[in-house]
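A look at the structure
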Amino acid sequence: LEEALAVGGDRVLTAGNDGKDQDTLFCLRLQTGEVLWRHHVAVPTKCHEMPIVPYGPAATPTVAGEHVYLLSREGHLQCLSLESGSLLWEKHLITDLGGKRPVYGYASSPAVMEGRLYLDIGGAGKSTTCLDAATGEVVWQTGEGEAGYSTPFIVTHDGQPALVIFKGEALELRDPASGRLLAAHATTTRDYCNCATPIVSADRIFISHTGDMGARVLDWKDSELTERWSDRKFGLLFHSGIPAGKDHVLAFNDALRGGNDFRLIDLANGATVWQNKDIAKGTGLITDDGHAFLLSNLGELVLAKITAAGPNVLARVQALPAKSWCQPALSQHHLLLKNNNGDVICYNLSKG
């Protein structure tokens, strides 16, 4: 759920809340951390009822070309100049677009593709919304039900584009041009916490939450989504799985309480290729040569080579204090990490 870091060229974008009813978007220089500009938005700090949930924005900023898109928990959507931070246009997902605030506030990042901006806003008849990315004007709105916390994306299936949205009550596949529903698979859990980004591999879609569904792969054929396998003892809360090639996914088992469970899963049949209990739960990314950077929920950074037999841990460091629920970012040999307190650290990997 927690807002992480986005990179556009030599600029790093990340946001936070000062505890005094103000969100701030920071634009930093990638190589040095120098603050190039700040943008402030008046947003209540205490905008949810659960103290365990960190305050401040939960949606990671989106960089597209010369623009950056910022979304608050309460639905303030703004388009800014990446160069200067100046406001270009703004909308409110509830008052302007008719959305319905999800339980923990908006956490699904704005998705920008080919000049259009796709949003999961919730509500009746307008739950999935498409805007013109340059102007903020509505292109189409459609669908019902609760918003989820996963960011939409577009894939090509059988030669046709499809918008993939893991909404609060279902996985939906829609025509990005018109919003027409192509296929859907109903699934929900407590507080509509469909948070983990789905993984699409050819005709298979991996989805998961920590409710009764656990993890499952759906076969996608024409307008049908049918269950291929499911594992109700394995589930993802808000950290998404990490694609490992076309046929596997790395993931931490959030359905297990009070222990570590890091696995490589075969997408074809759900089998656990290997299981590791030495690496603490968290999130991470994998490089093209099979190395994984894993950031635990308590701020430990682990570098591991992923093999068919398991993770070969090469290095560990306590990179950040306090809780860290934010996805790492890797750009131009720079590894960026952030914790829930707003501390940011950058490693220059080109120096070995």
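Going by the structure above, here's the rest.
Residues numbered from 1 in each chain as written. Predicted model: local features only at pLDDT ≥ 70, side-chain atom pairs only at ≥ 80, totals over all residues. Heavy atoms only, no water.

1. Quick word on the sheet that holds strand 3 (residues 22–29)
Across the sheet, which stays open at both edges, the four strands sit in the order 1-2-3-4 with antiparallel pairing between neighbours. Two strands bound the open sheet, and with one partner strand each, they are strand 1 (6–8) and strand 4 (35–42). Within this sheet the neighbouring strands show an average axis-to-axis angle of 25°, counted without direction. Bridge count between strand 1 and strand 2 (residues 11–17): three bridges; the pairing is antiparallel. The residue bridging Ala6 from the neighbouring strand is Leu13, located in strand 2. (Pairing = 2+ DSSP bridges. Helix = DSSP H or I, 4+ residues; strand = E, 2+ residues; numbered from the N terminus. Axes fitted to C-alpha atoms, helices over the stretch in contact; angles between N-to-C directions.)

2. Thoughts on the sheet that holds strand 20 (residues 224–231)
Here we have four strands laid out as an open sheet, ordered 17-18-19-20, and antiparallel in their pairing. Where the open sheet ends on each side, the last strands, each with one partner, are strand 17 (199–201) and strand 20. Taking each pair of neighbouring strands and ignoring which way they run, the sheet shows an average axis angle of 25°. In this sheet, strand 19 (residues 215–221) lies alongside strand 18 (residues 204–208) in antiparallel orientation, the contact comprising five bridges. The residue bridging Arg204 from the neighbouring strand is Asp219, located in strand 19.

3. Remarks on unusual backbone geometry
Positive phi values are uncommon outside glycine, yet Asp158 reaches one of about 55°. Its location among the elements puts Asp158 in the loop between strand 13 (153–157) and strand 14 (160–166). In this model, Asp191 sits at a positive phi of 60°, which is unusual for a non-glycine residue. Note that Asp191 resides in the loop between strand 16 (181–186) and strand 17. According to the relative accessible area criterion, Asp191 is partly exposed, its value standing at 24%. (Buried < 20%, exposed > 50% of the residue type's maximum accessible area, 1.4 Å probe, protein only.)

4. Focus: the packing of aromatic side chains
Throughout the structure, instances matching the rule amount to seven aromatic pairs. Ring centres of Tyr69 and Trp89 lie 6.2 Å apart, and the angle between their planes is 55°; this geometry places the pair in the tilted category. Residue Tyr69 is found in strand 6 (residues 67–71), and its partner Trp89 is found in strand 8 (residues 87–92); the two are separated by 20 residues along the sequence. Given a relative accessible area of 8%, Trp89 falls into the buried group. (Phe/Tyr/Trp six-rings, centres within 6.5 Å; stacked < 30°, edge-to-face > 60°.)

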